Amino acid sequence: MDKKQKILNLLKRRILILDGATGTELQRQGMPSGVCPEVWCLENPAAIEDIHRAYQKAGADIIYTCAFGANRLKLGQYGFTNVKEINKQLVVLARRALGNRALIAGDISSTGHFVEPFGDLMFEEAVDIFKEQIRGLLAGGVDLFVIETMMDIQEARAALIAVKEITDHFTMVTMTYETNGYTLSGTDPVTALITLQSLGADAVGCNCSTGPEAMVKFIAAMKPHATVPLVAKPNAGMPRLSGKTTVYDMDPREFASWGKKLAAAGVNLIGGCCGTTPAHIAALKRASGRAPALAPVRKSISAVSSARAFKIFDEESPLLIIGERINPTGKKALQQELLDGKLNIVRQMARDQEAQGAALLDVNVGVHKIDELDTVKKVIRLLSTGTALPLVIDSPNMETIKAALRIYPGRALINSISGEKQKLKKLLPVAAKYGAMFILLPVTDNEIPETAARRKGIIRDIFRAARRFGFSKDDVVVDGLVMTVAANPGAVIETLKAIAWSANSFKCRTVLGLSNVSFGMPERKWMNTAFLAMTQAAGLTMAIANPADRELMKVKMAGDVFLQKDRDALSYIRHCSEHAKTDAAVAPAVKSSPDQDVSGAILEGNRDNIINLVDIALAAGMSPSGLVDDIMIPAINRAGELFDQRKYFLPQLIASAEAMKAALARVEPRLKREEGDRPGKGVIILATVKGDIHDIGKNIISLMLKNHGYTIIDLGKDVPAKAVIDSIRRSKPDVVGLSALMTTTMVNMEEVIGLARAGGYSCPFIAGGAVVTKAYAASIGAAYAKDGVEAVRVVEQLIKSFSKGRISK
Amino acid sequence: MAPVLFFESISIPVPRKNIYRRLGFVKGVTDIPAAQQEEIERYIGHASSLIHLKGAGLRMPITEIKDARILLPDGAEFESRQLARLLANCSEIVLMGATAGREIMDAIEKDATGANVTRAIVLDAAASEIVDASLDWIMDYFNQSLRRENRKLLGKRYSAGYGDLFLETQKAMYRLLQLDRIGIEITESSILIPEKSVTAITGIKAQGS
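Rules used throughout
Residues numbered from 1 in each chain as written. Chains lettered and ligands numbered in written order. Predicted model: local features only at pLDDT ≥ 70, side-chain atom pairs only at ≥ 80, totals over all residues. Helix = DSSP H or I, 4+ residues; strand = E, 2+ residues; numbered from the N terminus. Buried ≥ 20, exposed ≤ 12 C-beta atoms within 10 Å, placed from the backbone. Contact = placed C-beta atoms within 7 Å. Rg over C-alpha atoms; globule rule 2.2 N^0.38 Å. Axes fitted to C-alpha atoms, helices over the stretch in contact; angles between N-to-C directions. Parallel < 35°, antiparallel > 145°, perpendicular 65-115°, else oblique. Nonpolar A, V, L, I, M, F, W, Y, C, P; charged D, E, K, R; others polar. Pairing = 2+ DSSP bridges. Core = buried A, V, L, I, M, F, W, Y, C linked by C-beta atoms within 7 Å. Right-handed = clockwise from strand over helix to strand, strands pointing away. Expected span 1.5 Å × (residues − 1). pLDDT = per-residue confidence, 0-100. Left-handed = near helix turned anticlockwise from the far one by under 90°.

**Quick word on the overall build of chain A**
Then comes step 1: When helices and strands are tallied, chain A shows 31 helices and 25 strands.
Then comes step 2: Dimensions of chain A along its principal axes, counting C-alpha atoms only, are 100 × 80 × 50 Å.
Then comes step 3: For chain A, with 809 residues in total, the buried portion stands at 54%.
Then comes step 4: Within chain A, contacts between residues at least 6 apart in sequence are counted, and of these 76% link residues at least 24 apart.

This is how it looks when you write it as structure tokens:
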């Protein structure tokens, strides 16, 4: 019996006990800080051998080698390069201490770098680094591997792929989750489980970062979806300082009391991480060593994942939409972008489809003469970080699919594997290696079957071939095949039959690309929507469609209610009430006069409706000047008061100001006709000073002052002092406003004012910006305003105090 | 000395409370009608989709702290009495930098010139808070690694331009962190471009102290 089978057999019988912390125990044995722990162990073998033996005697079935950081990058930081030998010798030490009294796990952990697309370490380089370590551990004679304390799911994948490409040893992978239930990169335990178990991990779980209480929740969340045993290695609570020593707050007894709860949640391998000692492990063994081991509840799972989310395809799930937009067929702009190596449209399409309710994203980058391998890698990297939605890898090119699956940090769905002999032969092993699900397309080299009866035969044949690679029906999504109804009036009936048979008799998930059905017909969206509803009733699991099609999405949601896939119609009702809320927001609640409506719209910052309301008020007989002076200006002043009282915050004030601006622009032509040009309240020059690029604050001041009748000359940002002086000479302003955000650029305000005074210009200055204070402004001879509302008041006072005549040279 | 670590894509929850606070929201005082709340939330979501957080981190030993000067191995030094006090019991520091990327700045600039100033200020506040929160993430990352050494970062961090740490310090931090590798430039006046880019420094101390 090989070692892997032996471990699997043991796991069927009982919960296996893992060792506890090594790092804190080494410190207790005298390891100084700042040294390389792996090399210190080799130089002080008695220390690590004692620790290994103590854990074995405490009852641990599996002991981790002290090779946590024994990879090329970590060892390199201490100047060590003999990676293979160091790893080998660490195993030799463990074996010398333990003999065959415990299983020895080759311990692999992070390189300290995030792996692409999350960091700067290239994926293949990461795989290579781990392979080097694995070869050393194998040379030493490990019984199994553990990949532990991983924060980055992509690095965990790289390490697991490295193991699997070298050996068939039993391999556990444990990620480290914060108390919020996510890794630092945003992966939750179920997402990691789906990704890692499909990729070939023999056990999956969590270690470090939290104590056992949080881990009970993580294990409980994973158990219903686990096809493999689950692992927990919690810390002994949280660290705190006792005198000059750091201690963890759980003693062995308290720590062990969580063992039964972890067992009840479904853990199969349990040990300790930071702060635990042989005493903790002995207590844990006593408390949970005899607890019944809960075997994985399922043998397979129909689910996909991204780096940050998962999607389970169960029978109760609503119909899922696979967003179809990232496909260059018929999209010239996208084709050109992909050819140019740009991805802006792809990013936008992903964002839009996610917001529109897609559950997965189809990704196809096939363009004539494109480097498809390079392009698909770029797109996968972009989408792995740019969307939480799992991806559907769509290509007729086998190498493209292979390249995408290797770097995709999740479990993907392949679109598709057909009965074509070459595809079956080459793609099934690739799909199996990376644990991907696949869309089964029932066509062969010689046939695109027109009838459901023929499709059934091909579906069975392809699945038979897939089963030899370990696939189950949970891993397969059958494409019902859509033919265009314009060419074959019976096409839809055959597709419906194929879907119903696949869902109800063959018991597989199903998918359709909807839009083919209406090709060549007018008003295609109605045909597509009707087709969706019919196939949904026949048992369709997912449809490849455009989620921007609102009718289609609404019909889908209604269909989910009818098929009892939207419990208590909650999603449908929420969707409808959200729309109703938006509608209510634009409709006036009570009947009010047109001038009240204008006032209300300014106060509410209603920029969408303000022009219409101004027109109504004017049509109702209000004079333009009356509307401005008696309604609009009091309304914007009121918004300023509310802002001063902090009843409004900045977005509300600015929305009011923008509504006012739009209203003024609408009234102005009529105002001119009524009373000619109104005398302006003054001319204000605004500038962000030289060296500074921050100008949003200055733009807010500009908006506020314009609304109060001032003429603004905005010189922009990074404005040299001389340009401000030239503008003063030309425009003879009533006030000059200067803005700066940084301490290094603030000083340039003084230069502007100095130059102005030296040139004989006495115009008042007002200064503002994040680092500017009233005292600083005063020190350079400027007034000060803390925000836009105050700026309006200060400018008004400044103009009262200074006459224009004094400004001219 | 450890190499600079680069984080090509930092994923963090949107720090909503901080964004609202930055925009002047006061709990129990500021009253936001549902329609405006929905609009602001939409803009925060938009900001989040335009921000591509990248970061860099560097752990390095302190050669010496002399009066108000923190001397580093390659000759770089930071001058700040407050920072020197903060790092008094540390033998190592962590430098960190992060950027929200160019796309969000393009959107802010376009909106701020008059297209939609309301959206511009929400995007601006969201970008500032999100990039700041990414430094929390980088600190969490270092704390994860330090845990096994029984050490952790100080709870506080310092940024150039604040207190008595001159903004010009940012030039040394830019160089040490190789921030050009994550698309950040620095101007003569030590301003980072894209605008929503930040750097900070903190110390490493014993766990629990």
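From this point, the discussion proceeds with the structure in view.
**Structural notes on the overall build of chain B**
Then comes step 1: What chain B contains, in helices and strands, is six helices and ten strands.
Then comes step 2: The C-alpha radius of gyration of chain B comes to 18 Å, within 12% of the 17 Å expected for a compact globule of 209 residues.
Then comes step 3: Along the three orthogonal principal directions, the C-alpha set of chain B runs to about 55 × 40 × 30 Å.
Then comes step 4: Residues classed as buried in chain B amount to 49% of the 209 residues present.
Then comes step 5: Considering only contacts within chain B whose residues lie at least 6 apart along the sequence, 77% involve residues at least 24 apart.

**Details of the packing of helix 16 (residues 398-407) of chain A against helix 17 (residues 421-434) of chain A**
Each pair of packed helices can be summarised by the angle the axes make with each other and by the distance between the axes.
Residues and elements named next belong to chain A.
Then comes step 1: Relative orientation of the contacting elements helix 16 and helix 17 amounts to 5°, with a least axis distance of 10 Å. Taken together, the axis directions place helix 16 and helix 17 in an arrangement best described as roughly parallel. Seen from helix 16, the contacting residues are M398, I401, K402, L405 and R406; seen from helix 17, they are K423, K426, L427, V430 and Y434.
Then comes step 2: A breakdown of the residues in the contact of helix 16 with helix 17 according to their chemical character gives six nonpolar, no polar and four charged.

**Details of the sheet that holds strand 24 (residues 765-768) of chain A**
Whether parallel or antiparallel, the strands of a sheet pair through hydrogen bonds between backbone atoms.
Residues and elements named next belong to chain A.
Then comes step 1: Strand order in the open sheet made by the five strands is 22-21-23-24-25, with parallel pairing throughout. Each edge of the open sheet is held by one strand with a lone partner, namely strand 22 (711-714) and strand 25 (783-784).
Then comes step 2: In this sheet, strand 23 (residues 735-739) lies alongside strand 21 (residues 683-688) in parallel orientation, the contact comprising five bridges. Across the sheet, I684 pairs through a bridge with V735, a residue of strand 23.
Then comes step 3: Strand contacts of helix 27 (residues 696-707): strand 21, strand 22, strand 23 and strand 24, with the helix running at about 170° to strand 21, the strand carrying the most contacts.
Then comes step 4: Here helix 28 (residues 721-731) sits on the sheet in contact with strand 21, strand 22 and strand 23, set at roughly 170° to strand 21.

**Quick notes on the sheet that holds strand 5 (residues 77-79) of chain B**
All names here are of chain B.
Then comes step 1: The strand order 3-4-5 describes an open sheet built from three strands, whose pairing is antiparallel. With one partner strand each, in any of the chains shown, strand 3 (64-66) and strand 5 form the two edges of the open sheet. Neighbour-to-neighbour, the strand axes of this sheet turn through a mean angle of 15°, independent of strand direction.
Then comes step 2: With three bridges connecting them, strand 4 (residues 69-71) and strand 5 associate as antiparallel partners. Note on strand 5: the bridge partner recorded for R69 is E79.

**Overview of unusual backbone geometry**
Residue and element names in this part refer to chain A.
Then comes step 1: Cis geometry is adopted by the peptide bond preceding P117, which originates at E116 and carries an omega value of 5°.
Then comes step 2: Looking at the secondary structure, you find P117 in the loop between strand 3 (103-108) and helix 7 (123-140).
Then comes step 3: Residues N415 and S416 are joined by a peptide bond in cis, for which omega reads 10°.
Then comes step 4: In this structure, S416 sits in strand 16 (residues 413-418).
Then comes step 5: Positive phi is not limited to glycine here, since K507 has a value of about 60°.
Then comes step 6: Secondary-structure assignment places K507 in the loop between helix 19 (491-504) and strand 19 (509-513).
Then comes step 7: Phi at Q564 takes a positive value of approximately 60°, unusual for a residue other than glycine.
Then comes step 8: Locating Q564 in the fold gives a position in the loop between helix 21 (550-562) and helix 22 (570-586).
Then comes step 9: Overall, Q564 belongs to the exposed group, with 10 C-beta atoms counted inside 10 Å.

**Quick look at the interface of chain A and chain B**
Interfaces are frequently sized by the accessible area removed from exposure as the parts join.
Then comes step 1: Of the residues lining the interface, 52 residues belong to chain A; the matching set on chain B comes to 53 residues.
Then comes step 2: For the side of chain A that touches chain B, the secondary-structure elements that each account for two or more residues are helix 2 (23-28), strand 8 (239-242), helix 22, helix 26 (650-675), helix 27 and helix 29 (743-758) of chain A.
Then comes step 3: Across the side of chain A that touches chain B, the residue classes tally to 20 nonpolar, 21 polar and eleven charged.

**Comments concerning the nonpolar core**
Then comes step 1: In this structure, L413, A543 and I602 of chain A are the most contacted members of the largest nonpolar core, which totals 327 residues.
Then comes step 2: Non-local contacts of A543 of chain A, meaning those with residues more than four positions away in its chain, are made with L319, I321, I322, V511, L512, L514 and L532 of chain A.

**Considering the pairing of strand 14 (residues 360-363) of chain A**
Residue and element names in this part refer to chain A.
Then comes step 1: Of the two faces of strand 14, the one holding L360 and D362 and the one holding L361 and V363 are both buried throughout.
Then comes step 2: When strand 13 (residues 320-323) meets strand 14, the two strands line up parallel, connected through two bridges. Across the sheet, the residue bridging to G323 is L361, located in strand 14.
Then comes step 3: Alignment of strand 14 against strand 15 (residues 391-394), held across three bridges, turns out to be parallel. Across the sheet, residue D362 finds its bridge partner in strand 15, namely V392.
Then comes step 4: Between the parallel elements strand 14 and strand 15, the chain passes through helix 15 (residues 372-386) in a crossover that is right-handed.

**Details of helix 20 (residues 524-538) of chain A**
Residue and element names in this part refer to chain A.
Then comes step 1: The end-to-end C-alpha separation of helix 20 is 21 Å, in line with the 21 Å expected for 15 residues at 1.5 Å each.
Then comes step 2: Inspection of helix 20 places M527, N528, T529, F531, L532, T535, Q536 and A538 among the buried residues, and these make up the whole buried set.
Then comes step 3: With its phi angle positive at about 115°, G539 sits one or two positions after the end of helix 20.

**Looking at the confidence of the model for chain B**
Residues and elements named next belong to chain B.
Then comes step 1: Considering every residue of chain B, the mean pLDDT works out to 92; 98% of them sit at 70 or more.
Then comes step 2: Within chain B, no element has a lower average pLDDT than strand 7 (residues 151-153), which sits at 89, and none a higher one than strand 6 (residues 92-99), at 97.
Then comes step 3: Among the prediction metrics, the complex's ipTM stands at 0.92, with pTM recorded as 0.86.

**As for the packing of helix 28 of chain A against helix 29 of chain A**
Residue and element names in this part refer to chain A.
Then comes step 1: Here helix 28 crosses helix 29 at 40°, and the two axes come no closer than 9 Å. In this view, helix 28 runs oblique relative to helix 29, as classed from their interaxial angle. Note that helix 28 runs across helix 29; the crossing there is right-handed. Along its contact with helix 28, which presents A721, V724, I725 and I728, the element helix 29 presents N748, E751, V752, L755 and A756.
Then comes step 2: Looking at side-chain class alone, the contact of helix 28 with helix 29 contains seven nonpolar, one polar and one charged residues.

**As for the pairing of strand 23 of chain A**
Residues and elements named next belong to chain A.
Then comes step 1: Burial of strand 23 is extensive: five of the five residues sit out of reach of the surface.
Then comes step 2: Burial along strand 23 is two-sided: the residues V735, G737 and S739 and V736 and L738 are all buried.
Then comes step 3: Bridging between strand 23 and strand 24 involves four bridges; their strand directions are parallel. Looking at the pairing, G737 lines up with I766 of strand 24.
Then comes step 4: Handedness of the crossover joining strand 23 and strand 24 through helix 29: right-handed.

**Considerations on the environment of V735 of chain A**
All names here are of chain A.
Then comes step 1: In this structure, V735 sits in strand 23.
Then comes step 2: Taking the C-beta count within 10 Å as the criterion, V735 has 25 such neighbours and is therefore assigned buried.
Then comes step 3: What V735 contacts, discounting residues up to four positions off in sequence, is G682, I684, C763, P764, I766, V795, L798 and I799.

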